[in-house]
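# Structural overview
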Amino acid sequence: MKKIKKGNLLIHIILILGAVVMILPFVWMVLTSLKTLGESTQIPPKIFPDKMQFSNYTEVLRLLPFGKFYLNTILMIIFRVIGSVLFSAMAAYAFARLNFPGKKFFFSLVLIQMMVPGQLFIIPQFNLVQNLGLLNTVTALVIPGVVSAFGTFLLRQFFMGIPAELEEAAKLDGCSIGRTFFTIMLPLANSGLVALGIFTALFAFKDLMWPLIVNMSIDKMTLSAGLASLQGQFSTNFPQLMAGSLLAIWPMLLIFIVFQRKFIEGIATTGGK
């Protein structure tokens, strides 16, 4: 058995400690969801419940229409992912491979948009949705995420890493720009597309402010906005809130587990020429 170098051992210890620190909030959420309200607010904190309270889950399901929350969230994520991946890929390919007037200027606008806080766009986005008559609809949830400056930048770096010889060979065979993009370049960017899709799904899933602004009916809310209704102004039932949070996050955990290899591969290869 090979001896572990001291440097590698130190790195492994740091990584293990970091993993423990990141997992602790999740473990605490699980334990809190199984406590009574008194146990969750007890000082000093009570780590393990005396008796597991699975009734917190049934009570949350009774209080909130989780079926509609899941449906609204899934629809929002699907359409945001499709729009973001498609439009970002086309824009990224243009910025990475094509030459046109004002190319650097327009890409600078994309970078500027990434540096500006997203809250500044809420008022014009709300006015747009209101003028289109889309308030309190699932469509209103989708609009802000259809185009992604982050996705354009991410995929541009990926397209720049693909050998130019493949594109030149396609041109010699008579392929148009559109055919070259859809049949050759897009399949080669598979890992980057999956990574962007997961990022977009994650950003959409945890979006709280926008769903609360454009939707007033609880039947049109997403999981994040619906869970916010469990937090009271003066008191909060933390076990029920944690139970609802667990019911809300399992789809994203499943998505990450299924696409973990593609996600890591896309992040590792994006930007490398």
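Note that this is a predicted model, so its numbers are computed, not measured. (Residues numbered from 1 in each chain as written. Predicted model: local features only at pLDDT ≥ 70, side-chain atom pairs only at ≥ 80, totals over all residues. Heavy atoms only, no water.)

### What to know about the packing of helix H4 (residues 66–97) against helix H11 (residues 190–205)
Here H4 crosses H11 at 140°, and the two axes come no closer than 9 Å. With respect to H11, the axis of H4 lies oblique. Between H4 and H11 lies a crossing of right-handed hand. Contacts from Thr-73, Met-76, Ile-77, Arg-80, Val-81, Ser-84, Val-85, Ser-88 and Ala-89 of H4 reach H11 at Leu-193, Leu-196, Gly-197, Thr-200, Ala-201, Ala-204 and Phe-205. Of the residues in the contact of H4 with H11, the class split is ten nonpolar, five polar and one charged. (Axes fitted to C-alpha atoms, helices over the stretch in contact; angles between N-to-C directions. Helix = DSSP H or I, 4+ residues; strand = E, 2+ residues; numbered from the N terminus. Parallel < 35°, antiparallel > 145°, perpendicular 65-115°, else oblique. Left-handed = near helix turned anticlockwise from the far one by under 90°. Contact = heavy atoms within 4.5 Å. Nonpolar A, V, L, I, M, F, W, Y, C, P; charged D, E, K, R; others polar.)

### Overview of the side chain of Lys-35
Tracing the backbone shows Lys-35 in the loop between helix H1 (6–33) and helix H2 (37–40). Within the structure, Lys-35 has its side chain in polar contact with the backbone oxygen of Lys-46 (distance 2.3 Å). Those residues in contact with Lys-35 that lie beyond four places of it in its chain are Trp-28, Ser-40, Lys-46, Ile-47, Pro-49, Gln-53, Asn-56 and Pro-239. (Polar contact = N/O pair within 3.5 Å; in protein donor to acceptor, adjacent residues only side chain to side chain.)

### Comments concerning the side chain of Thr-180
Mapped onto the fold, Thr-180 is located in helix H10 (residues 177–188). Owing to a relative accessible area of 2%, Thr-180 belongs among the buried residues under this scheme. Apart from the residues within four sequence positions on either side, Thr-180 is in contact with Tyr-93, Glu-167, Ala-170, Cys-175 and Met-185. (Buried < 20%, exposed > 50% of the residue type's maximum accessible area, 1.4 Å probe, protein only.)

### Some remarks on unusual backbone geometry
The residue after Ile-43, namely Pro-44, is reached through a cis peptide bond having omega 0°. At Asn-136, a position not held by glycine, the phi torsion is positive, near 65°. Tracing the backbone through its elements, the reader meets Asn-136 in the loop between helix H6 (122–131) and helix H7 (138–142). Looking at Asn-136, the relative accessible area reads 26%, which means it is partly exposed.

### Examining helix H3 (residues 55–63)
When H3 is considered as a whole, its buried residues turn out to be Asn-56, Tyr-57 and Val-60. Taken down its axis, H3 places every buried residue within 100° of arc, on the same side. Turned more than 90 degrees away from the buried face of H3 sit Thr-58 and Arg-62, all of them exposed. (Arc of directions from axis to C-beta.)

### Examining the environment of Leu-154
Here Leu-154 shows up in helix H8 (residues 149–160). Of the residues examined, Leu-154 reaches a relative accessible area of 10% and is grouped as buried. Distance from Leu-154 to Leu-75, taken between C-alpha atoms, is 24 Å for residues 79 residues apart in sequence.

### Observations concerning a nonpolar patch on the surface
A grouping of Phe-100, Phe-105, Phe-106, Leu-109, Leu-111, Ile-112, Met-114, Met-115 and Phe-153 is seen on the molecular surface, where their side chains present a nonpolar patch of about 830 Å² in accessible area. Following the sequence through the fold, Phe-105 ends up in helix H5 (residues 103–115). A relative accessible area of 52% places Phe-105 in the exposed class. (Patch = residues over 30% accessible without salt bridge, like charges linked within 9 Å, V, L, I, M, F, W, Y side chains within 5 Å. Areas by Shrake-Rupley, 256 points an atom, 1.4 Å probe, with all protein chains shown as cover. Salt bridge = Lys/Arg side-chain N within 4 Å of Asp/Glu carboxyl O.)

### Observations concerning the nonpolar core
Phe-66, Ile-77, Leu-155, Phe-159, Leu-193 and Leu-223 are the most contacted members of the largest nonpolar core, which totals 48 residues. Considering every element that reaches this core, the biggest residue donor is H4, with eleven residues. Here Ile-77 is in contact with Ala-201, Ala-204, Phe-205 and Met-252, once residues within four sequence places are set aside. (Core = buried A, V, L, I, M, F, W, Y, C linked by side-chain atoms within 4.5 Å.)

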